[in-house]
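Observations on the three-dimensional arrangement
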Amino acid sequence: MVGGILTIIPIVNFVVIGYVLQLLKNVRDGVERPMPNWDNFGDYFMKGLMVVIAVIIYAIPIILLSCVSGAFSAALGGRGQEGVRGLAALFTSAVGCLSSLWGLLLAVVLPAAVVKYAEADELSAFFRFGDIFSFITKDLGTYIIVIILSYLAHFVAGFGVILCFVGVIFTAFWASLVQGHLLGQLARQHKMV
């Protein structure tokens, strides 16, 4: 219940990210009851904040592309010539495709980066690309399954909206726990090999 309520409070919800990181570490370390206690809000908050900062850094190319696309469309789109508007639309579409490809890459890379951050407790772990790609490729098939199951859990959690938005509060938190647990299991498997 605590996690569900914290999930909907902006900025405070960084605590939930830190909590899930601790769950990931507990599962990786084989703790019998891996669910952490809610007794370390400050630490959870700071770890969640580091994840958010890293995600923003990873998203800089998408942010820049969107800004360039918006500026280009604004500069050319208002002109009366059909060819200029078509050029603006073509450029916007190309930028949208590049942004989508970068977003897909992030969807694959970020979970491994989060595992590496959880293990090292250092922001720089998000940018140790050799370690991240080694983690991904060590057992690529299992990694892909974990990613698919994680996104499936978030998809299923979206059905909480059916319960007048009340259910989504708790199902979103549940999906984050599922993802953390799955990534923890994968990290444990890599640790044992």
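Presented here is an overview of the structure given in this document. Quantities reported herein were computed from a predicted structural model and do not represent experimental measurements. (Residues numbered from 1 in each chain as written. Predicted model: local features only at pLDDT ≥ 70, side-chain atom pairs only at ≥ 80, totals over all residues. Heavy atoms only, no water.)

With respect to the helices and strands, Leu23 occurs in helix H2 (residues 14-28). Measuring from C-alpha to C-alpha, the distance between Leu23 and Val178 comes to 9.8 Å, with 155 residues separating the pair along the chain. Not counting chain neighbours up to four residues away, the residues in contact with Leu23 comprise Pro34, Met35, Pro36, Leu177, Gly180 and His181. (Helix = DSSP H or I, 4+ residues; strand = E, 2+ residues; numbered from the N terminus. Contact = heavy atoms within 4.5 Å.)

Under the defined criterion, the tally for this structure stands at 13 aromatic pairs. Look at Phe135 and Tyr143: their rings are 6.2 Å apart centre to centre, the planes differ by 90°, and that puts the pair in the edge-to-face class. Of the aromatic side chains, those joined through ring pairs into one cluster are Tyr19, Trp38, Phe41, Tyr44 and Phe173. (Phe/Tyr/Trp six-rings, centres within 6.5 Å; stacked < 30°, edge-to-face > 60°.)

On to helix H6 (residues 129-138), then. Looking at H6, one finds that the buried residues are Ile132, Phe135 and Ile136. Taken around the axis of H6, the buried residues stretch over an arc of 95°, which confines them to a single face. Counted as exposed and oriented over 90 degrees from the buried face of H6: Gly130 and Thr137. (Buried < 20%, exposed > 50% of the residue type's maximum accessible area, 1.4 Å probe, protein only. Arc of directions from axis to C-beta.)

Here we take up the pattern of salt bridges. Scanning all chains against the criterion turns up six salt bridges. Ionic pairing is found between Asp121 and Lys25, a salt bridge with its closest N-O pair at 3.1 Å. Taken together, the residues span a long stretch of sequence, with Asp121 in the loop between helix H5 (82-120) and H6 and Lys25 in helix H2 at a distance of 96 residues. Close ionic contact of Arg28 with Asp29 constitutes a salt bridge, the shortest N to O distance being 2.8 Å. Classification of Arg28 by relative accessible area gives buried; the value is 12%. Among the residues examined, Asp29 registers a relative accessible area of 38% and is labelled partly exposed. Ionic contacts of the salt-bridge type, sharing partners, join the residues Lys25, Asp43, Lys47 and Asp121 into one network. (Salt bridge = Lys/Arg side-chain N within 4 Å of Asp/Glu carboxyl O.)

Below, the discussion takes up unusual backbone geometry. One non-glycine residue with positive phi stands out, namely Ile11, at about 70°. Positionally, Ile11 belongs in the loop between helix H1 (2-7) and H2. Exposure remark for Ile11: the relative accessible area of 54% places this residue in the exposed category.

On to the environment of Ala59, then. Within the secondary structure layout, Ala59 lies in the loop between helix H3 (41-58) and helix H4 (60-77). Placed 44 residues apart in sequence, Ala59 and Gly103 show a C-alpha to C-alpha distance of 8.0 Å.

On to the side chain of Lys47, then. Counting through the fold element by element, Lys47 comes out in helix H3. Looking at Lys47, the relative accessible area reads 12%, which means it is buried. The residues contacting Lys47, other than those within four sequence positions of it, are Gly18, Leu21, Gln22, Lys25, Tyr117 and Asp121.

With that settled, consider the nonpolar core. Within the largest apolar cluster, 25 residues are counted, with the highest numbers of intra-cluster contacts made by Tyr58, Phe126, Ile132, Phe135 and Tyr143. Every element with two or more residues in this core is listed here: H2, H3, H5, H6, helix H7 (140-157) and helix H8 (166-192). For this core, the leading source of residues is H5, giving nine residues. When residues no more than four places from it in sequence are discounted, the contact partners of Ile132 are Tyr58, Val109, Ala112, Ala113, Lys116, Ala125, Phe126 and Phe127. Formed by ten residues, the second largest nonpolar core is a distinct cluster that contains Val16, Tyr44, Phe173 and Leu177. (Core = buried A, V, L, I, M, F, W, Y, C linked by side-chain atoms within 4.5 Å.)

Everything listed here is a matter of geometry and, on its own, says nothing about what the molecule does.
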